Amino acid sequence: MNRRTFIRALSANGALAALPIPTGNPAAVSGREGRPNILWIVVEDICPFLSGYGYPNPTPHLDRLAAGGVRFDRAFMPVPVCSPCRSALITGMMPTTLGTHNHHSSRSPETAIHLPPAVRTLPELFREAGYFTFNQGKDDYNFDYDREDLYTGEYTTHPLYGKSGRRETGWKDREPGQPFFGQIQLSGGKHIYRDTFAPSVKNPIDRGGMEPPPYYPDIPEVREDWAAHLDCIRITDDEVGGILRRLEGDGLRKNTVVFFFSDHGMRLWRHKQFCYDGGLRVPFIVSWSGRPERLGGAGRVREDLVSGLDISATSLALAGLPVPKYMESRDLFARDFRPREFVISTRDRCDYTIDRIRSVRTERFRYIRNFFPDRPYMQPNYRDEWDITRRTRDLHDRGELDPLPDRFWSRERPSEELYDLENDPHEIRNLAYSPEYREVLARHRDILTRWICRTGDKGQYPEDPAGLRYMLDTWRSRGIEPVNPEYDHLGKQGTGRSGNQRTGRSR
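As a starting point, this report considers the structure included with it.

Criteria and thresholds
Residues numbered from 1 in each chain as written. Predicted model: local features only at pLDDT ≥ 70, side-chain atom pairs only at ≥ 80, totals over all residues. Heavy atoms only, no water. Buried < 20%, exposed > 50% of the residue type's maximum accessible area, 1.4 Å probe, protein only. Helix = DSSP H or I, 4+ residues; strand = E, 2+ residues; numbered from the N terminus. Phe/Tyr/Trp six-rings, centres within 6.5 Å; stacked < 30°, edge-to-face > 60°. Lys NZ or Arg CZ within 6 Å of the ring centre and 35° of its normal. Pairing = 2+ DSSP bridges. Core = buried A, V, L, I, M, F, W, Y, C linked by side-chain atoms within 4.5 Å. Contact = heavy atoms within 4.5 Å.

1. Quick notes on helix H3 (residues 82-91)
Every α-helix winds through 3.6 residues per turn, so residues three or four apart in the chain are directed the same way. H3 sits mainly inside the fold: ten of its ten residues count as buried. Taken together, the buried positions of H3 are occupied by Cys82, Ser83, Pro84, Cys85, Arg86, Ser87, Ala88, Leu89, Ile90 and Thr91. Positive phi shows up at Gly92, right after H3, with a value of about 75°.

Below, the structure is given as structure tokens:
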């Protein structure tokens, strides 16, 4: 029995009598032809280092996309790593609310996490309204689902990365006049992993002219990675240009709302998997060339605080569909829209590394709570094999790192961090222990405490042993022995390498 059938069975038995469940029959939905198409262009692992965001990195196609719509300058993802973030995007709910907060969860029948019966994914909601749905690229959702309930097209599976649609599925497969909700996944910062990366870069960034941020050592490896990230963004810009040309060629551009955003920041530490701006702040553009007035006019720039969660409700609302009341998402273009006072972001287990970090981003400040201050920021993780990591760790071990970048390699970390983003955009001066910021700290601490209580943050509780066992066995098979104490009761045998000597790769 698939999930859709299961929900209908519950409804028939009266278990969901209070919840109206649509028929899911596209032919029965009236007026679908007049609705706009919704297209998500989802990019992996990039920061907003675009020319439109004031960065000296030319991105002409994305600049034109923003000129025909709205650019959001302060958009922050709910999680700085892909799978729990994608869970949030596709449901409009925080992964800590649903229990999908641990990276690469629900990858086997024994570890399956099930959504509450009343919670529907966006593709299901669009399908029930008569939309054709597709996803070119990975889903990577941290819950159990039948992909045929969500998307049209064949797909593949991976033991860690989950289900992925094949590239050939797209809007051309729909019925005549049928609107679509589509997702096109772009490699973004992960272009760097490809053998074709260097040949595909036009006019590569001058590595010698790079100036890394102060929390990284100024060494050739960092300059190379930083420049390569900018090159990846320019490749992405060309790819977006190609997508827009295909829409134009098929006569779809004017009636398609295009969402462009990244799932989180770039791949380096203190960005991806961490709750600083570098890991959470992303480029976010919404464009509807046929009806820019629906977005408040073309060429707008909004600086209010936006959560990546809001992409979900906004997509439904622009299509004229109701936003479920259970969603924690907000319609960014609603007539009664009220800006967020804060954005919450979370980080829990990533691959085999167990952690718990919570963050509150307000207008001016970022507050971070480290629930495991006795564990280093740089616990053993999948980046340990990289040359840049080995080089930096070696400098730290020999006492040759400057104090600021060395801080991230220390054995412990503060339990609380507070940064004034107005005066400290790099988040390097922790004010949590400064007496003059005592009230600011208390206010942000209270916001987080109340949020945890109100939402029932499931990161408070240990992960299911089956999920931990799956991680342990998966990484052992790759020659890695996870070192967190949470694995101890699972009967570690010491059969693999230690976490900082790993030989496998995760992306």
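2. Some remarks on the packing of aromatic side chains
Applying the stated rule across the entire model yields 28 aromatic pairs. Taking 6.2 Å as the distance between ring centres and 70° as the angle between the ring planes, the aromatic pair formed by Phe365 and Tyr437 counts as edge-to-face. Within this pair, whereas Phe365 is found in strand S13 (residues 365-370), its partner Tyr437 is found in the loop between strand S14 (416-420) and helix H13 (438-455), the two being separated by 72 residues in sequence. Here Tyr382 and Trp386 contribute two aromatic rings whose centre-to-centre distance is 5.8 Å and whose plane-to-plane angle is 90°, an arrangement assigned as edge-to-face. Three or more aromatic residues joined by ring pairs form one cluster here, namely Trp40, Phe72, Phe126, Tyr131, Phe181, Phe259, Phe261, Phe284 and Phe333. Seen from the ring of Tyr215, Arg270 lies directly overhead, with NZ or CZ sitting 4.5 Å from the centre. The ring of Phe274 is capped by Arg347, whose NZ or CZ atom sits 5.6 Å from the centre of that ring.

3. Observations concerning the pairing of strand S11 (residues 343-347)
Of all the five residues making up S11, five are buried; the element is thus mostly covered by neighbouring parts of the structure. Here S11 shows two buried faces, one formed by Val343, Ser345 and Arg347 and the other by Ile344 and Thr346. Here S11 runs beside strand S12 (residues 357-361); their pairing, made up of five bridges, is antiparallel. Within the sheet, the bridge partner assigned to Arg347 lies in S12 and is Ile357.

4. Observations regarding unusual backbone geometry
The phi dihedral of Asp140 is positive, around 60°, even though this residue is not glycine. On the basis of relative accessibility, which here comes to 0%, the residue Asp140 falls in the buried class.

5. A closer look at the nonpolar core
With 60 residues, the main nonpolar core has Leu39, Phe260 and Trp269 as its most contacted residues. The set of elements that each furnish at least two residues to this core consists of strand S1 (37-43), helix H2 (60-67), strand S3 (132-138), strand S6 (180-186), helix H8 (220-249), strand S7 (256-262) and helix H11 (387-397). It is H8 that contributes the most residues to this core, nine residues altogether. Apart from the residues within four sequence positions on either side, Phe260 is in contact with Ile41, Val43, Ile46, Leu50, Leu62, Leu65, Thr236, Val240, Pro283, Phe284 and Ile285. Formed by 45 residues, the second largest nonpolar core is a distinct cluster that contains Phe72, Phe126, Leu150 and Phe333.

6. Some details on the pairing of S6
For a regular strand, the rule is simple: side chains alternate between the two faces of the sheet. Counted residue by residue, S6 has seven buried out of seven residues, so it is predominantly covered. With burial as the criterion, each face of S6 is covered, one bearing Phe180, Gly182, Ile184 and Leu186 and the other bearing Phe181, Gln183 and Gln185. Here S1 runs beside S6; their pairing, made up of six bridges, is parallel. The partner of Ile38 across the bridge, within S6, is Phe181. Pairing between S3 and S6: five bridges, direction parallel.

It is worth stressing that arrangement in space is one thing and function is another; only the former is reported here.
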